Amino acid sequence: MTAYIIRRVIAAIILVLVVSAVTFAIFFLVPKIGGQSTTQLATQYVGKDANPESIAAVKKNLGLDLPLYEQYWHFIKAIVMGANYKFGPDAAQCHRPCFGYSFKSHVEVWPQIKDRIPVTFSLAIGAAVIWVISGVVIGVISALKRGTIFDRLSMGVALAGVSLPIFFTGMVLLGLFSYKWTVWDNVQYHSFTSDPGQWAWNLVLPWISLAFLYSALYARLTRAGMLETMGEDYIRTARAKGLPERVVVGKHALRAALTPIVTIFGMDFGLLIGGAIITERVFSFQGVGAYAVQGVRDNDLPIVLGVTMVAATFIVLCNLVVDLLYAAIDPRVRYS
């Protein structure tokens with residue numbers, strides 16, 4: 001088991017390095033292939049009052065004329081140790097983890113991302129709890145009551161949930177519960193530390209709109225997995241031994257059916273931590289996703305690069321946790 005964990009941790013570290021290299025190459029090599037010169041890139045740091053001297057200084061201080069592999073080394077070094085930058089006559093220190101300075105605002109990217117992570121994490125963790133519990137429970141009941149009215153109705157609702165986009169569900173919830181009935185008359189993010197009650201209350205609609213799509217998908221996956229597992233020989237053997245039905249379903253059937261659920265949950269949760277973009281835009285939350293959209297709209301490469309790196313790291317970490325959970329769920333992993 002220890003060797004399995006060590007292998008997975010090493011693989012996760014290597015994967016993060018590979019993702020960082022590919023991401024860095026995309027953002028700094030592709031613009032050059034597209035015809036953007038280092039002078040144009042440096043001009044975005046200098047701003048409107050650019051002159052040849054200040055542009056040349058920025059190119060030198062940022063190493064834009066260095067080979068790509070040296071630029072990548074400086075990029076990794078800045079993330080680990082921080083960096084010092086000079087933009088013309090001005091000098092600034094970028095604290096670790098340093099993802100550079102914004103072209104537009106000339107502030108560090110990481111503090112901006114860090115301030116927005118609680119918003120995105122609050123959206124993701126609450127919605128994840130709702131969609132996992134509701135999706136798995138509905139999927140199990142539908143599988144056990146196959147062909148009944150509950151099964152057909154729940155799978156019909158699940159099909160609608162998979163088909164409806166998040167922005168549509170979010171706008172419908174806002175229209176009904178915020179504008180028509182004013183149950184949530186002013187949906188805005190509140191810090192958990194300042195007021196946990198207001199934090200949870202104002203996140204109910206975003207949680208439901210985000211969880212509706214995923215819970216529908218998880219219900220269908222759980223139902224399919226349970227139907228396949230309930231027909232296995234070891235389930236019939238467990239019943240033949242006289243085990244209670246709740247033990248057969250909960251300990252044997254559901255445990256085996258959870259393996260694909262855990263896999264997709266790791267991917268989904270990691271992606272949401274990287275930014276629940278649509279939900280944040282619908283409810284006007286200033287999360288990581290909204291910050292990424294701002295960077296794309298302004299063509300602000302440091303912002304986009306920083307958000308991409310943070311999102312990729314979260315996805316890798318979530319998949320590492322999933323690999324470790326496999327060992328707890330499936331004994332075959334521990335013995336392999």
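Residues numbered from 1 in each chain as written. Predicted model: local features only at pLDDT ≥ 70, side-chain atom pairs only at ≥ 80, totals over all residues. Heavy atoms only, no water.

Quick notes on the overall build of the protein chain
Turning to step 1, where the next piece is worked out: For the protein chain, the count of helices and strands is 15 helices and two strands.
Turning to step 2, where the next piece is worked out: Summarising its shape, the C-alpha atoms of the protein chain cover approximately 85 × 55 × 40 Å along the three principal directions.
Turning to step 3, where the next piece is worked out: For the protein chain, the proportion of its 336 residues judged to be buried stands at 42%.
Turning to step 4, where the next piece is worked out: A separation of at least 24 residues holds for 65% of the contacts in the protein chain among residues at least 6 apart in sequence.
Turning to step 5, where the next piece is worked out: Just so you have it, the protein chain exposes about 17900 Å², and 66% of that area is on carbon and sulfur atoms.
Turning to step 6, where the next piece is worked out: Taking the average location of the 28 positive side-chain charges in the protein chain and that of its 20 negative ones, the two points are 8 Å from each other. (Helix = DSSP H or I, 4+ residues; strand = E, 2+ residues; numbered from the N terminus. Buried < 20%, exposed > 50% of the residue type's maximum accessible area, 1.4 Å probe, protein only. Contact = heavy atoms within 4.5 Å. Areas by Shrake-Rupley, 256 points an atom, 1.4 Å probe, with all protein chains shown as cover. Lys, Arg positive; Asp, Glu negative; His and termini not counted. Charge placed at Lys NZ, Arg CZ, Asp CG, Glu CD.)

Comments concerning empty space enclosed by the protein
Turning to step 1, where the next piece is worked out: Counting across every chain of the model gives one cavity of 30 Å³ or more.
Turning to step 2, where the next piece is worked out: The calculated volume of the largest cavity comes to roughly 50 Å³.
Turning to step 3, where the next piece is worked out: If you go around the largest cavity, the residues you meet are Phe-27, Phe-28, Pro-31, Lys-32, Gln-36, Ser-37, Thr-38 and Leu-41.
Turning to step 4, where the next piece is worked out: Listing elements by their share of the lining of the largest cavity, those giving two or more residues are helix H1 (2-33) and helix H2 (38-46). (1 Å grid on protein atoms, 1.4 Å probe; cavity = no way out; pocket = protein on both sides within 12 Å on 5 of 7 lines; lining within 4 Å. Points joined across faces, edges and corners; volume = space filled by probe spheres on them.)

Topic: the packing of aromatic side chains
Turning to step 1, where the next piece is worked out: Tallied over the entire structure, the rule returns 15 aromatic pairs.
Turning to step 2, where the next piece is worked out: Both rings, one in Phe-177 and one in Trp-184, keep their centres 6.0 Å apart while their planes meet at 80°; by these two values the pair is edge-to-face.
Turning to step 3, where the next piece is worked out: Judged by its relative accessible area of 11%, Trp-184 falls in the buried class. (Phe/Tyr/Trp six-rings, centres within 6.5 Å; stacked < 30°, edge-to-face > 60°.)

Structural notes on the pattern of salt bridges
Close approach of charged atoms allows side chains of opposite charge to pair.
Turning to step 1, where the next piece is worked out: Enumeration according to the criterion identifies four salt bridges in this entry.
Turning to step 2, where the next piece is worked out: Note that Asp-323 and Arg-8 form a salt bridge whose closest N and O atoms lie 3.6 Å from each other. You can see Asp-323 sitting in helix H14 (residues 301-329) and its partner Arg-8 sitting in helix H1, a full 315 residues away along the chain.
Turning to step 3, where the next piece is worked out: Overall, Asp-323 belongs to the partly exposed group, its relative accessible area being 23%. (Salt bridge = Lys/Arg side-chain N within 4 Å of Asp/Glu carboxyl O.)

Focus on the state of the cysteines
Turning to step 1, where the next piece is worked out: Scanning all chains against the criterion turns up one disulfide.
Turning to step 2, where the next piece is worked out: The disulfide that involves Cys-94 links it to Cys-98, with 2.1 Å between the sulfurs. Between Cys-94 and Cys-98, the disulfide has an S-S torsion of 110° and is therefore right-handed. Taken individually, Cys-94 and Cys-98 each receive the classification buried, so the pair is uniform in this respect. (Disulfide = S-S within 2.5 Å.)

A word on helix H5 (residues 109-144)
Turning to step 1, where the next piece is worked out: Between its first and last C-alpha atoms H5 spans 50 Å; for 36 residues at 1.5 Å apiece the expected length is 52 Å, and the two agree.
Turning to step 2, where the next piece is worked out: The sharpest bend along H5 comes to roughly 35°, located at Arg-116, with the proline Pro-118 sitting one to four residues further on. (Expected span 1.5 Å × (residues − 1). Bend = angle between axes of the 7 residues up to and from the residue.)

Topic: the layout of surface pockets
Turning to step 1, where the next piece is worked out: When its volume is computed, the second largest pocket comes out at roughly 300 Å³.
Turning to step 2, where the next piece is worked out: Lining the second largest pocket we find 15 residues, and of these Val-16, Ile-79, Phe-99, Met-309 and Thr-313 sit closest to its centre.
Turning to step 3, where the next piece is worked out: At five residues, the largest contribution of residues to the lining of the second largest pocket is made by H14.
Turning to step 4, where the next piece is worked out: Split by residue class, the lining of the second largest pocket holds 13 nonpolar, two polar and no charged. (Nonpolar A, V, L, I, M, F, W, Y, C, P; charged D, E, K, R; others polar.)

Side note on the nonpolar core
Turning to step 1, where the next piece is worked out: Grouped together as the largest cluster of nonpolar side chains are 40 residues, with contacts concentrated most on Trp-131 and Met-226.
Turning to step 2, where the next piece is worked out: Within the residue set of this core, elements represented by two or more residues are H5, helix H7 (166-180), helix H9 (204-229), helix H10 (233-240) and helix H11 (245-273).
Turning to step 3, where the next piece is worked out: In contact with Met-226, other than residues within four places in its own chain, are Val-140, Ala-143, Val-249, Ala-253, Leu-254 and Ala-257.
Turning to step 4, where the next piece is worked out: The next biggest cluster of nonpolar side chains, apart from the first, holds 28 residues, and it includes Val-288, Val-304, Leu-305 and Val-310. (Core = buried A, V, L, I, M, F, W, Y, C linked by side-chain atoms within 4.5 Å.)

Observations concerning unusual backbone geometry
Turning to step 1, where the next piece is worked out: The linkage connecting Arg-96 with the following residue, Pro-97, adopts the cis geometry, with an omega of -10°.
Turning to step 2, where the next piece is worked out: Checked against the element boundaries, Pro-97 lands in the loop between strand S2 (90-94) and H5.
Turning to step 3, where the next piece is worked out: Phi at Ser-284 is positive, roughly 60°, even though this residue is not glycine.
Turning to step 4, where the next piece is worked out: Within the secondary structure, Ser-284 is located in the loop between helix H12 (277-282) and helix H13 (288-297).

Let's talk about the side chain of Ser-154
Turning to step 1, where the next piece is worked out: Along the polypeptide, Ser-154 turns up in helix H6 (residues 149-163).
Turning to step 2, where the next piece is worked out: Among the polar contacts made by the side chain of Ser-154, one reaches the main-chain carbonyl oxygen of Phe-150 at a distance of 2.8 Å.
Turning to step 3, where the next piece is worked out: Among residues more than four places away in sequence, those in contact with Ser-154 are Ile-138 and Ser-142. (Polar contact = N/O pair within 3.5 Å; in protein donor to acceptor, adjacent residues only side chain to side chain.)

Let's talk about the environment of Ala-127
Turning to step 1, where the next piece is worked out: By secondary structure assignment, the location of Ala-127 is in helix H5.
Turning to step 2, where the next piece is worked out: A residue is classified by how much of its surface remains accessible, and Ala-127, at 0% relative accessible area, is buried.
Turning to step 3, where the next piece is worked out: Linking Ala-127 and Gly-100, residues 27 residues apart in sequence, is a C-alpha distance of 32 Å.
Turning to step 4, where the next piece is worked out: Apart from residues lying up to four places away in sequence, Ala-127 is in contact with Trp-207, Leu-210 and Ala-211.

Everything listed here is a matter of geometry and, on its own, says nothing about what the molecule does.
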